[in-house]
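Secondary and tertiary structure notes
What follows is each chain in one-letter form.
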Amino acid sequence: QQQVKQSPQSLIVQKGGISIINCAYENTAFDYFPWYQQFPGKGPALLIAIRPDVSEKKEGRFTISFNKSAKQFSLHIMDSQPGDSATYFCAASIKESGNQFYFGTGTSLTVIP
Amino acid sequence: NAGVTQTPKFQVLKTGQSMTLQCAQDMNHEYMSWYRQDPGMGLRLIHYSVGAGITDQGEVPNGYNVSRSTTEDFPLRLLSAAPSQTSVYFCASSYLGGAAFFGQGTRLTVV
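Throughout, residues of each chain are indexed from 1 in the direction in which the sequence is written. Each chain takes a letter, starting from A, and each ligand takes a number, starting from 1, following the order in which they are written. Local features are withheld for residues below a pLDDT of 70 in this predicted model, meaning they are given only at 70 or higher, and side-chain atom pairs are given and counted only at 80 or more; totals for whole chains, interfaces and linings count all residues. Side-chain measures were taken over the full set of non-hydrogen atoms in the model, leaving aside hydrogen atoms and water.

Topic: the sheet that holds strand β1 (residues 4-7) of chain A
Residue and element names in this part refer to chain A. Strand order in the open sheet formed by 5 strands is β1-β3-β8-β7-β6, and the pairing between neighbours is antiparallel. One side of each edge strand has no neighbouring strand; the edge strands of this open sheet are β1 and β6 (56-59). Taking the axes of each pair of neighbouring strands and ignoring which way they run, one obtains an average angle of 15 degrees across the sheet. Here strand β7 (residues 62-67) pairs with strand β8 (residues 72-77) via 6 bridges, running antiparallel. In the sheet register, N67 faces β8, and the bridge partner there is Q72. When DSSP finds at least two bridges between two strands, those strands are taken to pair. Here a strand is any run of E in DSSP of at least two residues, a helix any run of H or I of at least four, and the numbering for each starts at the N terminus. Comment: axis = line fitted to C-alpha atoms, over the contacting stretch for helices; angle = value between 0 and 180 degrees taken between N-to-C directions.

Structure, rendered in C-alpha cells:
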C-alpha cells in the first residue's frame, strides 16, 4: 500500500502565485520528510526537508509546513516562476529501518507565464 | 565531486537478456538503494544496502539481484529481462538519517 499519499497529481499556477502540494502518511515511525524536484530526463534533486520536531521550515521561496498530529505535511512555493515547472515528490524515511525512503506518486507543476 | 554516477543512461534489451546497471557514489555514504520510476507510481524501492556486504529487498525486488562488495558500488542485475521491467531506474545514496542523493537515471526498454 502507498505509505505516503500525495495530492494533487497535477497543478497549474499563474506566475507569481502560490503552489501548494500536500502529503499524508500513516507510519508514525517516519523521522525525516524531504521534498524532491525532478526535471524531465533528470534524477530527483533534494529541494527542502524537515524533521518531525519542527512545524515549519523555510528556504527562500520554498516552505514545508508539518502537522504531526494530523500526519500531514505540505510544500508551499511562493511567487511561483515558470522555472519551477517540474515534478515534485514528497518522501518519508525511517532511520532505524535501513534509511528506507517512501515516496509519494508525484505532482506535475506547471507555472504559466 | 561526481556524487552518484549511473551507467548506462539508455539501454534496449530483448526479452530474456540479462544485464547489469552500474551505480557508483563518491560521498562515502553507507546507504545505497535502487528505485524504479513508472508513470503515476512515483519511485518504488527495488533493493537497498546498509553497508558493504549487506543488502535487502524493497517493495518490488522480483527479477532483480544486487550485491555490495564495496562502499562505493552497488550494481543492479536483471536476470532475464521482461517487458514489465521497462522503466527508468535510479540509484541513490544517503547517510543515516539524511537525504537520498540520486543519479541521473538509466532508461531501460525491454522489447
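Additional details are given in the paragraphs that follow.
Digging into the packing of aromatic side chains
Residue and element names in this part refer to chain A. Any Phe, Tyr or Trp ring, taking Trp's six-membered ring, that has another such ring centre within 6.5 Å forms a pair; planes under 30 degrees apart are called stacked, those over 60 apart edge-to-face, and the others tilted. Inspection of the entire model under this criterion finds 19 aromatic pairs over all chains. Considering the side-chain rings of Y25 and F33, the 4.9 Å spacing of their centres and the 45 degrees angle between planes classify their relative orientation as tilted. Put simply, the rings of Y25, F30, F33, W35, F66, F73 and Y102 pair up and form one aromatic cluster.

What to know about the sheet that holds strand β8 (residues 76-78) of chain B
All names here are of chain B. Strand order in the open sheet formed by 4 strands is β1-β3-β8-β7, and the pairing between neighbours is antiparallel. Strands at the two margins of the open sheet, each flanked by one partner only, are β1 (4-7) and β7 (64-66). Pairs of neighbouring strands in the sheet enclose a mean axial angle of 20 degrees, with direction left out of account. Note that β7 and β8 share 3 bridges and pair antiparallel.

Quick notes on the pattern of salt bridges
Residue and element names in this part refer to chain B. For this analysis, a salt bridge means a side-chain nitrogen from Lys or Arg found within 4 Å of a carboxyl oxygen belonging to Asp or Glu. Per the stated rule, a full pass over the model turns up 5 salt bridges over all chains. A salt bridge links D38 to R36; its shortest N-O distance comes to 2.9 Å. R36 carries the same exposure label as D38, and that label is buried. One salt bridge connects R44 with D38, and the closest N-O pair in it is separated by 2.9 Å. When a residue's accessible area, from a 1.4 Å probe over protein chains only, is under 20% of the maximum for its type it is buried; when over 50% it is exposed; and in between it is partly exposed. On the basis of relative accessibility, which here comes to 12%, the residue D38 falls in the buried class. One continuous salt-bridge network, built from bridges that share partners, spans R36, D38 and R44.

Topic: the state of the cysteines
Here a disulfide denotes one covalent bond, and it connects the sulfur atoms of two cysteines. In what follows, a disulfide is any cysteine sulfur pair within 2.5 Å. A complete count under the given rule lists 2 disulfides over all chains for this structure. Across the disulfide from C23 of chain A sits C90 of chain A; the S-S distance is 1.9 Å. Negative torsions about the S-S bond denote left-handed disulfides, and the value of about -95 degrees found for C23 of chain A with C90 of chain A makes this one left-handed. With C23 of chain A in strand β3 (residues 19-25) and C90 of chain A in strand β9 (residues 86-94), this residue pair connects regions lying 67 residues apart in the sequence. The class for C23 of chain A is buried, based on a relative accessible area of 3%. Across the disulfide, C23 of chain B is cross-linked to C91 of chain B (sulfur-sulfur distance 1.8 Å). Negative torsions about the S-S bond denote left-handed disulfides, and the value of about -70 degrees found for C23 of chain B with C91 of chain B makes this one left-handed. With C23 of chain B in strand β3 (residues 19-25) and C91 of chain B in strand β9 (residues 87-94), this pair connects stretches of sequence that are 68 residues apart. The two residues C23 of chain B and C91 of chain B agree in class, both being buried.

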